[in-house]
Amino acid sequence: MHVKSKSGRIFDLPSPEEEERIRTGIAADPDTYELSDEEIAQLRPKAELRKVSTNIRFDADVLEAIKATGPGWQTRINDIVREYVEAHR
């Protein structure tokens, strides 16, 4: 099964039959077990600095040029602004 994310990435997910074979294999392996949702949540690192959602207006040509640099353009914008802020403290 294919699933498309909001960003357009396509993920190939296992079929129900494949998922069952995976779970059966995990259950049969004495050296592992399937993690619970709570255990998975504890594994995710918490960011020290949380991102804040905001709206900002750019000139169309500026935004087009940044987006043309590919995935991660929002992170690059953040890095550019951070550089400016640190240089002007």
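All chains use their own residue numbering, which begins from 1 and follows the written sequence. The predicted nature of this model means local features are confined to residues of pLDDT at least 70 and side-chain atom pairs, given and counted, to a pLDDT of 80 or more, with totals for whole chains, interfaces and linings taken over all residues. Each side-chain value is derived from all of the structure's non-hydrogen atoms; neither hydrogens nor water enter the calculation.

Our focus in this paragraph is the packing of helix 3 (residues 60–67) against helix 4 (residues 73–87). A pair of packed helices can be characterised by two numbers: the angle between their axes and the separation between those axes. Note on geometry: axes are C-alpha line fits, over the in-contact stretch for helices, and angles between N-to-C directions span 0 to 180 degrees. By the criteria applied, helices consist of DSSP H or I runs no shorter than four residues and strands consist of E runs no shorter than two, each listed in order from the N terminus. Running from N to C, helix 3 and helix 4 point in directions that differ by 115°, and their axes come no closer than 9 Å. Residues Leu63, Ile66 and Lys67 of helix 3 pack against Trp73, Arg76, Ile77 and Ile80 of helix 4. Ten residue types, Ala, Val, Leu, Ile, Met, Phe, Trp, Tyr, Cys and Pro, are classed as nonpolar, four, Asp, Glu, Lys and Arg, as charged, and the remainder, Gly among them, as polar. Considered class by class, the residues forming the contact of helix 3 with helix 4 number five nonpolar, no polar and two charged. Here a residue-residue contact requires only that any non-hydrogen atoms of the pair lie within 4.5 Å.

What follows deals with a nonpolar patch on the surface. A cluster of nonpolar side chains, contributed by Met1, Val3, Phe11 and Leu13, occupies part of the molecular surface with about 350 Å² of accessible area. Relative to the helices and strands, Val3 is located in strand 1 (residues 2–4). Candidate patch residues must exceed 30% relative accessible area and have no salt bridge, after which like charges are joined if within 9 Å and Val, Leu, Ile, Met, Phe, Trp or Tyr side chains if within 5 Å. Each accessible area is a Shrake-Rupley estimate made with a 1.4 Å probe; only the visible protein chains count as cover when residues are assessed. When a carboxyl oxygen of Asp or Glu is within 4 Å of a side-chain nitrogen of Lys or Arg, the pair counts as a salt bridge.

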